[in-house]
Amino acid sequence: DIGKFIYVAFFYDMKVRKCSTPEEIKKRKKAVIFCLSADKKCIIVEEGKEILVGDVGVTITDPFKHFVGMLPEKDCRYALYDASFETKESRKEELMFFLWAPELAPLKKKMIYASSKDAIKKKFQGIKHECQANGPEDLNRACIAEKLGGSLIVAFEGCPV
């Protein structure tokens, strides 16, 4: 079933950085949110739930805040986020994998998402950072900086931590 592997194509699109033209860079995905299909048999890209690099600074001022706002209050999701951060020595971009399982989500949904997390993660070879978030408080800049490298991180998405 092709739907099962669409998310892998999105992952490679975000992971590969061989973008040569400004137009290609603008079309690169900054964030993508995935959900289970209606029959709960496939992981699919949630329609309209992505941020393009070209939107940042144009229609979206704070990409991480926008990303967090796209997550549903009462349902679970998986997500990939292309995090930009700085250490004292350098600027970096690394992909983060999120399991969003908010307190208000039904228990059965949380169990389904938690049990299929390893399957989707195996498809995303090279993910360095993983974050399970149970509410917006788990997605503040300090928590994310901690996941990315703790005290070594001085800025996340252009903002000091």
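Definitions and cut-offs
Residues numbered from 1 in each chain as written. Predicted model: local features only at pLDDT ≥ 70, side-chain atom pairs only at ≥ 80, totals over all residues. Heavy atoms only, no water. UniProt positions renumbered as here; feature names shortened; annotations may be inferred. Phe/Tyr/Trp six-rings, centres within 6.5 Å; stacked < 30°, edge-to-face > 60°. Helix = DSSP H or I, 4+ residues; strand = E, 2+ residues; numbered from the N terminus. Buried < 20%, exposed > 50% of the residue type's maximum accessible area, 1.4 Å probe, protein only. Polar contact = N/O pair within 3.5 Å; in protein donor to acceptor, adjacent residues only side chain to side chain. Contact = heavy atoms within 4.5 Å. Salt bridge = Lys/Arg side-chain N within 4 Å of Asp/Glu carboxyl O. Core = buried A, V, L, I, M, F, W, Y, C linked by side-chain atoms within 4.5 Å. Pairing = 2+ DSSP bridges. Right-handed = clockwise from strand over helix to strand, strands pointing away.

An unreviewed UniProt entry lists the protein under the name ADF-H domain-containing protein, from Moschus moschiferus. In UniProt, the protein has this text filed under Sequence similarities (unreviewed entry): "Belongs to the actin-binding proteins ADF family."

## Quick notes on the packing of aromatic side chains
In total, this model carries eleven aromatic pairs according to the counting rule given. With a centroid separation of 5.0 Å and 45° between ring planes, the pair formed by F67 and Y81 is classed as tilted. A residue pair is termed long-range when its members are at least 10 positions apart, and F67 in helix α3 (residues 63–70) and Y81 in strand β3 (residues 77–87) qualify at 14 residues. Each of the two residues, F67 as well as Y81, counts as buried. Pairing Y78 with F97 gives two aromatic rings, centres 5.9 Å apart and planes at 25°, and the pair type is stacked. Here F97 lies in strand β4 (residues 91–100) and Y78 lies in strand β3, a separation of 19 residues in the sequence. The same class applies to Y78 and to F97, which are both buried.

## Digging into the side chain of S37
Looking at where S37 falls in the secondary structure, it is placed in the loop between β1 (29–36) and β2 (43–52). The class for S37 is buried, based on a relative accessible area of 11%. Polar side-chain contacts of S37 include one of 2.5 Å to the side chain of D39. Only 3.4 Å separates the side chain of S37 from the backbone nitrogen of K41, close enough to count as a polar contact.

## What about the side chain of E46?
Take E46: it is sitting in strand β2. Looking at E46, the relative accessible area reads 15%, which means it is buried. Side-chain polar atoms of E46 contact the side chain of R77, separated by 2.6 Å. Apart from the residues lying within four places of it in its own chain, the contact partners of E46 are I33, F34, C35 and R77.

## What about the pattern of salt bridges?
With the rule as written, the count across this model stands at twelve salt bridges. The salt bridge involving R28 is made with D82; its shortest N-O contact spans 3.2 Å. In this pair, R28 is assigned in the loop between α2 (22–27) and β1 and D82 in strand β3, connecting sequence segments 54 residues apart. Assessed through its relative accessible area of 1%, D82 is described here as buried. The closest approach of N and O atoms between E130 and K121, which form a salt bridge, is 2.5 Å. Residues participating in the shared-partner salt-bridge network are E46, D75, R77 and K109.

## Digging into the nonpolar core
Within soluble globular proteins, side chains that are nonpolar tend to cluster in buried spots. Among the nonpolar cores identified, the biggest contains 24 residues, and F64, F67, F98, L139 and I144 are the most heavily contacted of them. Among all residues touching F64, those that are not within four sequence positions of it are Y81, F98, L139, R141, I144, F156 and E157. Ranked by size, the runner-up nonpolar core spans 18 residues in total, among them V32, F34, C35 and F97.

## As for the pairing of strand β5 (residues 129–133)
On β5, burial follows the alternation: H129, C131 and A133 on one face are buried, whereas E130 and Q132 on the facing-out side are not. Sheet topology note: the β4/β5 ladder contains five bridges and is parallel. In the sheet register, F97 faces β5, and the bridge partner there is E130. In this region the chain leaves β4, passes through helix α4 (residues 107–123) and returns to the parallel neighbour β5; the handedness of that crossover is right-handed.

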